[in-house]
Amino acid sequence: MNTYRQYSLFDRLCFGIDQTLRTVCNNPKTTGRACPSLNEAEPLMTILERKNSAALMRVNHTGEVCAQALYHGQESSSGCDVVKEKMHQAAIEEGDHLAWCCLRIDELGGHASYLNLLWYLGSFGMGYVAGLMGDQWSLGFLAETETQVIQHLEKQLALLPRQDNKSYKILHQMRLDELDHRDEALKAGAPSLPGPVKKAMSILSKIMVKTAYWV
Ligand SMILES: [Fe+2]
Ligand SMILES: [Fe+2]
């Protein structure tokens, strides 16, 4: 098997384009885990409630697009093959979340955010910079991202219409997975990021949440 160093710049560019298109066109690589809401019956909801659920799941879908991009960015710029492989695998695991959100949006008759390519490119850039700063900071960035995603999912779970068990099951499982991701990063020695960086990440994610709900 080739190590990352053996791939040419052209190969890596092709991988990057493939990863981007797979993410924004909703065809991510996944582990193939079944969607947690698979055996749940479609709940009875009013049109407004369905619209609200679809918009909330759009927000979560965009969050997962950003997660893919952050991992892809870090995979691209890390100087260590082990870290690159870890980021690659992490993106595939997060691909399950992306696929589940996409499925639920379809069931609710909604659509993914029209701005996902922009969010992808912006998040890729952030991941790329984090990867350049070295493996420890990259890990710290990952742990902080997961921490903020967990807080975000807890708010989203509270906002869902009460009877929307299908969306609830998906977000609940995502939250458990993100807790594992955060704990793994902390166990691996992720440092705490400086306060202003955490604040900037939180502001950006709030902008994403507000925008993706509507567009
Ligand atoms: Fe996720
Ligand atoms: Fe995660």
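Report on the accompanying structure. (Residues numbered from 1 in each chain as written. Chains lettered and ligands numbered in written order. Predicted model: local features only at pLDDT ≥ 70, side-chain atom pairs only at ≥ 80, totals over all residues.)

## With respect to helix α6 (residues 165-187)
Helix length check: α6, at 23 residues, gives a terminal C-alpha distance of 33 Å against a target of 33 Å (1.5 Å per residue), a fit within 8%. With its phi angle positive at about 100°, G189 sits one or two positions after the end of α6. (Helix = DSSP H or I, 4+ residues; strand = E, 2+ residues; numbered from the N terminus. Expected span 1.5 Å × (residues − 1).)

## Details of the nonpolar core
Judged by nonpolar contacts, the single largest core of 32 residues is most densely connected at V65, C66 and C101. Looking at this core, the elements that each hand over two or more residues are α2 (47-77), α3 (81-107), α4 (116-132), α5 (135-159), α6 and α7 (195-214). Sequence-distant contacts of C66, that is, excluding residues within four places in its chain, are made with W119, S123 and M208. (Core = buried A, V, L, I, M, F, W, Y, C linked by C-beta atoms within 7 Å. Buried ≥ 20, exposed ≤ 12 C-beta atoms within 10 Å, placed from the backbone. Contact = placed C-beta atoms within 7 Å.)

## Structural notes on the environment of K155
On the secondary structure map, K155 appears in helix α5. Assessed through the 10 C-beta atoms surrounding it within 10 Å, K155 is described here as exposed. Each C-alpha atom, one on K155 and one on L70, is 22 Å from the other, the two residues being 85 residues apart in sequence.

## Section: the environment of A34
For A34, the position within the fold is in the loop between α1 (9-24) and α2. You can call A34 exposed: it has 9 C-beta atoms within 10 Å.

## Some remarks on the packing of α3 against α6
In contact at an axis separation of 11 Å, α3 and α6 are set at 170° when each is read in the N-to-C sense. Comparing the axis directions of α3 and α6 gives the class roughly antiparallel. Residue-level inspection shows H97, W100, C101, R104 and E107 of α3 in contact with α6, the latter providing K166, S167, I170 and M174. Among the residues making up the contact of α3 with α6, the classes are represented as four nonpolar, two polar and three charged. (Axes fitted to C-alpha atoms, helices over the stretch in contact; angles between N-to-C directions. Parallel < 35°, antiparallel > 145°, perpendicular 65-115°, else oblique. Nonpolar A, V, L, I, M, F, W, Y, C, P; charged D, E, K, R; others polar.)

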